[in-house]
Amino acid sequence: MTGAPAPAAPASSAPDHLGDPVLPKADLWNIANMLTMARLVLVPGFVLLLVHGDGHDPAWRSFAWAAFAVAMITDLFDGELARRYGLVTDFGKIADPIADKAIMGAALVGLSALGDLPWWVTVVILFRELGITAMRFWVIRHGVIPASRGGKLKTLTQGIAVGMYVLILTGPLATVRAWMMGAAVVLTVATGFDYVRQAVVLRRAGLAAERAAVAAASEAVAEAAAAPAQAPAGAPAGATAADSVAGVELEAEAGAERPQGV
């Protein structure tokens, strides 16, 4: 024995990530969330301006239109800013759709209560909006229904039509807004049916994936019971088979939880 030191163990080839940049968690008080909160705050102010006096004063209705327009503009920017600059938060995911439905619902109900918009239009639009929101939660464990071009066009048309009804318009402009609202209702119903179709397809795909996962796990259990693997010395009987089955179940579970495309 020479007493020479033993060679050092080779360093691991896996990266240590020490130099990787750390992405900070998005702050609650970011610009996207502030725009969403501003839209929520605008809702009661918009309603007060809309129904001020007898609700048909052109000046106050113009102020109400300005508040509605600001709310619609913030709706265009808050989501885009959150996605582009990594400002997505749990608060934003919940508050953004609430703010959207709140300002549009307040405008529709207020206009119908003032007699400027037929109630059936309000009922159709709100039923669709609330129904699709509930359906998204119904299928969310299977995946996410992406926003379609038709849905974006519907939102734009609704905003323009409702904004024109907020203003006191007469003559040709009153005719134009009626046609615009008709187009908004058609798009609302058509895109609603399309979302229902996507939700049904998504749920069927998700359930099929779950059934396939259960079938794979059952098959693994049957194979393990029919031909158990040799357990290593000192291990309890059936440990290897149990580990194999557990591994298959974990893989199947991960596959079932993966979002499905539409």
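Structure shown above.
Residues numbered from 1 in each chain as written. Predicted model: local features only at pLDDT ≥ 70, side-chain atom pairs only at ≥ 80, totals over all residues. Heavy atoms only, no water.

(A) Focus on the overall build of the chain. If you tally the helices and strands in the chain, you get 7 helices and 0 strands. Each of the 262 residues in the chain was classed as buried or not, and the buried ones make up 32%. Within the chain, contacts between residues separated by at least 24 positions form 77% of all contacts whose residues are at least 6 apart in sequence. (Helix = DSSP H or I, 4+ residues; strand = E, 2+ residues; numbered from the N terminus. Buried < 20%, exposed > 50% of the residue type's maximum accessible area, 1.4 Å probe, protein only. Contact = heavy atoms within 4.5 Å.)

(B) Up close: the packing of helix α3 (residues 90–113) against helix α5 (residues 149–166). Interaxial distance between α3 and α5 falls to 11 Å at its minimum, and their mutual angle equals 40°. Taken together, the axes of α3 and α5 are oblique relative to one another. You can see that α3 and α5 cross each other, and the crossing is left-handed. Residues Met-104, Ala-107, Leu-108 and Leu-111 of α3 form the contact with α5, whose participating residues are Gln-158, Gly-159, Val-162, Tyr-165 and Val-166. (Axes fitted to C-alpha atoms, helices over the stretch in contact; angles between N-to-C directions. Parallel < 35°, antiparallel > 145°, perpendicular 65-115°, else oblique. Left-handed = near helix turned anticlockwise from the far one by under 90°.)

(C) Region of interest: helix α1 (residues 31–50). The first and last C-alpha atoms of α1 sit 28 Å apart over 20 residues, in line with the 28 Å expected at 1.5 Å per residue. Among all positions of α1, only Ala-32, Asn-33, Thr-36, Arg-39, Val-43, Phe-46 and Leu-50 are buried. On its buried face, α1 is in contact with α2 (58–84), α3 and α5. Sitting at the amino-terminal end of α1 is Asn-30, which places a side-chain oxygen 3.0 Å from the backbone nitrogen of Ala-32. (Expected span 1.5 Å × (residues − 1). Polar contact = N/O pair within 3.5 Å; in protein donor to acceptor, adjacent residues only side chain to side chain.)

(D) Here's a closer look at the packing of aromatic side chains. Applying the stated criterion to the full structure yields 2 aromatic pairs. Ring centres 5.8 Å apart and planes at 40° place the aromatic pair Phe-46 and Phe-68 in the tilted group. In this pair, Phe-46 is assigned in helix α1 and Phe-68 in helix α2, connecting sequence segments 22 residues apart. The pair Phe-46 / Phe-68 is uniform in exposure class, with both members buried. Judged by centre distance (5.7 Å) and plane angle (80°), the ring pair of Trp-60 and Phe-63 falls under edge-to-face. Of this pair, Trp-60 and Phe-63 both sit in helix α2, 3 residues apart, which is roughly one turn of that helix. With a relative accessible area of 30%, Trp-60 lands in the partly exposed category. You can call Phe-63 partly exposed: its relative accessible area is 48%. The lysine or arginine in question, Arg-177, covers the ring of Tyr-165, its NZ or CZ lying 4.5 Å from the ring centre. (Phe/Tyr/Trp six-rings, centres within 6.5 Å; stacked < 30°, edge-to-face > 60°. Lys NZ or Arg CZ within 6 Å of the ring centre and 35° of its normal.)

(E) Here's a closer look at the pattern of salt bridges. In the structure shown here, the tally under the stated rule is 8 salt bridges. For Glu-129, the salt bridge goes to Arg-128, with nearest N and O atoms at 3.4 Å. For Arg-128, a relative accessible area of 10% puts it in the buried group. It is possible to trace a salt-bridge network through shared partners that takes in Arg-39, Asp-75, Asp-96 and Asp-100. (Salt bridge = Lys/Arg side-chain N within 4 Å of Asp/Glu carboxyl O.)

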